[in-house]
Amino acid sequence: MTEENYAIGIDLGTSYSSVCIWKNDEVKIIENDYGYRTTPSYVAFTDSEILIGDAAKTQINLNPCNTIFDIPRLIGRSIYNKDVQSGMKYWPFSVVEKNEKLHIRVKYKEEWKDFTPEEIASLLIIKMKETAENYLDRQVKNAVITVPAHFDNLQFQAIKNAGLIAGLKIIRIINSPTAAAIAYGLKTKAIGKRIVLVFDLGGSTCNVSLLAFDCGIFEVKAVIGNYDLGGKYFDDSIVNHFVQEIKRKFKKSLSKTDLCRIRTHCERAKCKLSTSDCALIEIDSLLDDYNTTLTRAKFEELNEDLFQSAINLINKVLNDARIDKTEVHEVVLIGGSTHIPRIQKLISKFFDGKELIKSINPEEAAARGAAIQAAILSGNKSKKIRDVLLLDVNAFAFSIETSDGIITSFIERNTTLPIEESKLFKLSTKGSSYKDTLDRNPKNNYNILIQIYEGERYYTNLIGQFELPISSSASKIEITLKLNLNLVLKVSAVEKINGRNSKINKKEITINNGLSEEEIERMVSEAENYRTEREIIIQKMQARTDFEIYIHRLDRIINDINNMNMKNKLEKAISESFTWLDNNEEAEKDEYERKKKLLKETVNQIADETLWRR
Amino acid sequence: MDTLPEYYAILEVPETATTDEIREAYKRKALETHPDRYTPGSKDSGINPRLSQEEAKIHFQKVADAYFVLSDKERRAQYDNTRASRKKRQGNSWQTSQADPDQVFGDVFE
């Protein structure tokens, strides 16, 4: 393993992110500058700086419109996406469309500025990268990153671009339940083949992975994800319930701030109901201090449909993998919402009373798995991971539509990566009207439009298209789809004349989410700027703190000075410095350093004078 | 293009192999050829060390295809049937064992 190849594991969660490394033959979660093992996935813009993580989350109530969260729900998506639209109803920050792309509009340094979700994600990635770098005391260039299981190809590309902007090469993206499964599997080291189902119910997503463990081989059988399910939606049900009740009893409508506060209290009540049967909800200064109770039974009743749809996902993943529920050896729970007793009960009942595994840390498991995969990919020769291999699958199907409107399915869901599929398409020759409907190009040849779709049946999404020129003598074309381990999709088409590939009429495209290289370059340099700005602020704070520490030390020392003349002079100098500090909250680094130097000189001068006179 | 692949040969198992044996063979072959594990020039892997990463990838794809078919009872039975009937046809001096792509995909554009 070389320095160049060294990679870290990052779990970029909807609510929290964490970073993990492989060191001395084991995985280690790195604590952030606050000493926490997870960092809130929050970014905030203020009059003077950009805050990331804990610093951003703690000031959200003071600065709600410029504090961004829920990035995995925004990245790689259009503003018209159903989930984005539903999120926009309650996100305090504003989401706008600019150049046909989704942007987030914030006030930064008293100016309006639009950021792409990739840029916001890159700030989170930078934070995680720096956390690891501070611990390792060296630069990190590569990372394996985990994302929710419902991420589609465009979202994968967007995450990769966010990595580039942050100065990190994302060498692999894995679904969070799959990553958690690796961490769990490596920990248990059981022998023989086992089928393991990982159920991941988080803040706003529900992901299920079904894997076959066999010694070190982790073979993903099927994955499924749903972003309409999770803790936030359970909160919604409670909020709606109480809003209805308040409307009925008090005939009063509620403001957005009221709703925000009710939501906070409902979330707390929900967590409490995981361990007790009843939770008291007390909201100060809302309708003369509103009080009410929520029982666990009521909470379960309000959410029964949602809970049931989580169970349906388990059923679906088993069907996809053609595995019967009796064949499942272990069911592993991760994600905060799996603490809900009703969920546990329903899952256990579904598996005929099976005991569920809750022993792995739900917040850290995904990052651990990512770090293991990072170690493997960076060529770590540790014995522990020598025989470990993840055989991952693609979560979405792909199909091709040709000019005649016929859709041919190409790659099925849950196919082991990497994938390469070729298919031959015959061009009609019997004077059919088909060729006549094609656009004629200047060389009197034809163009065939090839469109690439992701998804199947109810959900298809056009992700790319191109035109292939074909000569009149061609009878067939061959279309090839290549999906590599990094989920980059390449589509190529070539015309066939007498069974041979044409050397002229061929084309290959790589599906990308539309950020051009120039755009990425611009964002990289802007990210550099933000970073420099942040560094300047950190240095400034450091200089101020240094100065403060020096004054406080002096302040303590003068108590022991007997020479009243010297003492008075020093006290004057100290109080002047304190006043200056109070009046100069936002001074530059140099000024703090200069003031400290001046004070030092004054102190020496006072000492010289008084000692000399004595 | 549509030659029937020799899945048993790819996994290096006999036609009579049990599901367990097929799985074992797949595990071994996957560790040898998967691009995450294969380093060109390394003698550790059972495959030709002169293969490039790209060639190893193609090798792995064949291995994965073979396992996909042979690990599932239904798919394996179907494969065995097709294979047997093609062999029979070859025995009857059938010109070619290739399926005519036109037959398979011809109706797509008509």
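Source: prediction; values computed, not measured. (Residues numbered from 1 in each chain as written. Chains lettered and ligands numbered in written order. Predicted model: local features only at pLDDT ≥ 70, side-chain atom pairs only at ≥ 80, totals over all residues. Heavy atoms only, no water.)

**Looking at helix H11 (residues 365-377) of chain A**
Residue and element names in this part refer to chain A.
Link 1 in the chain: Taking 1.5 Å per residue as the helical rise, H11 with its 13 residues ought to reach 18 Å, and the 19 Å between its terminal C-alpha atoms agrees with that figure.
Link 2 in the chain: When you tally the buried positions in H11, you get 11 out of 13 residues, the bulk of the element.
Link 3 in the chain: Gly379 sits one or two positions beyond H11 and adopts a positive phi of about 80°. (Helix = DSSP H or I, 4+ residues; strand = E, 2+ residues; numbered from the N terminus. Expected span 1.5 Å × (residues − 1). Buried < 20%, exposed > 50% of the residue type's maximum accessible area, 1.4 Å probe, protein only.)

**Quick look at the packing of helix H5 (residues 153-165) of chain A against helix H13 (residues 517-558) of chain A**
All names here are of chain A.
Link 1 in the chain: Between H5 and H13, whose axes approach to 8 Å, the crossing angle comes to 45°. Classified by the angle their axes make, H5 and H13 are oblique. Touching Asn161, Leu164 and Ile165 of H5 are Ile520, Met523, Val524 and Ala527, all from H13.
Link 2 in the chain: Residue classes in the contact of H5 with H13 are distributed as 6 nonpolar, 1 polar and no charged. (Axes fitted to C-alpha atoms, helices over the stretch in contact; angles between N-to-C directions. Parallel < 35°, antiparallel > 145°, perpendicular 65-115°, else oblique. Contact = heavy atoms within 4.5 Å. Nonpolar A, V, L, I, M, F, W, Y, C, P; charged D, E, K, R; others polar.)

**Comments concerning the pattern of salt bridges**
Residues and elements named next belong to chain A.
Link 1 in the chain: Evaluated as defined, the whole model comprises 42 salt bridges over all chains.
Link 2 in the chain: A salt bridge links Asp114 to Arg105; its shortest N-O distance comes to 2.8 Å.
Link 3 in the chain: Residue class for Asp114 comes out buried when judged on its relative accessible area of 16%.
Link 4 in the chain: Residue classification places Arg105 among the partly exposed residues on the basis of a relative accessible area of 33%. (Salt bridge = Lys/Arg side-chain N within 4 Å of Asp/Glu carboxyl O.)

**A short note on the nonpolar core**
All names here are of chain A.
Link 1 in the chain: If you look at the biggest cluster of nonpolar residues, it comprises 89 residues, and the most contacted ones within it are Ile8, Phe45, Ile479 and Val491.
Link 2 in the chain: With 9 residues, helix H4 (residues 117-136) is the single largest residue contributor to this core.
Link 3 in the chain: With near-sequence residues (within four places) excluded, Phe45 lies in contact with Ile50, Asn63, Asn66, Ile68, Val106, Lys107, Tyr108, Phe115, Ile120 and Leu123.
Link 4 in the chain: Within the second largest apolar cluster, 48 residues are counted, among which are Ala269, Val331, Ile340 and Phe350. (Core = buried A, V, L, I, M, F, W, Y, C linked by side-chain atoms within 4.5 Å.)

**Topic: the interface of chain A and chain B**
A common way to report how large an interface is uses the accessible area buried once the components associate.
Link 1 in the chain: Each partner contributes to the interface: chain A provides 39 residues, whereas chain B provides 25 residues.
Link 2 in the chain: Between chain A and chain B, the buried area comes to about 2800 Å², and carbon and sulfur atoms account for 56% of it.
Link 3 in the chain: In terms of surface lost to chain B, no three residues of chain A exceed Arg322(A), Leu424(A) and Lys426(A), which account for 20% of the buried area on that side.
Link 4 in the chain: The interface formed by chain A and chain B holds 5 salt bridges in total.
Link 5 in the chain: Along the contact surface separating chain A from chain B lie 8 residue pairs in polar contact (both at pLDDT 80 or more).
Link 6 in the chain: For the side of chain A that touches chain B, the elements supplying multiple residues, two or more each, are strand E15 (217-226), H11, strand E19 (389-391), strand E22 (419-426) and strand E25 (476-483) of chain A.
Link 7 in the chain: Element by element, the count of residues in the side of chain A that touches chain B is highest for E22(A), at 7 residues.
Link 8 in the chain: Its residues assigned to classes, the side of chain A that touches chain B comprises 19 nonpolar, 6 polar and 14 charged. (Buried area = accessible area lost by both parts, 1.4 Å probe. Polar contact = N/O pair within 3.5 Å; in protein donor to acceptor, adjacent residues only side chain to side chain.)

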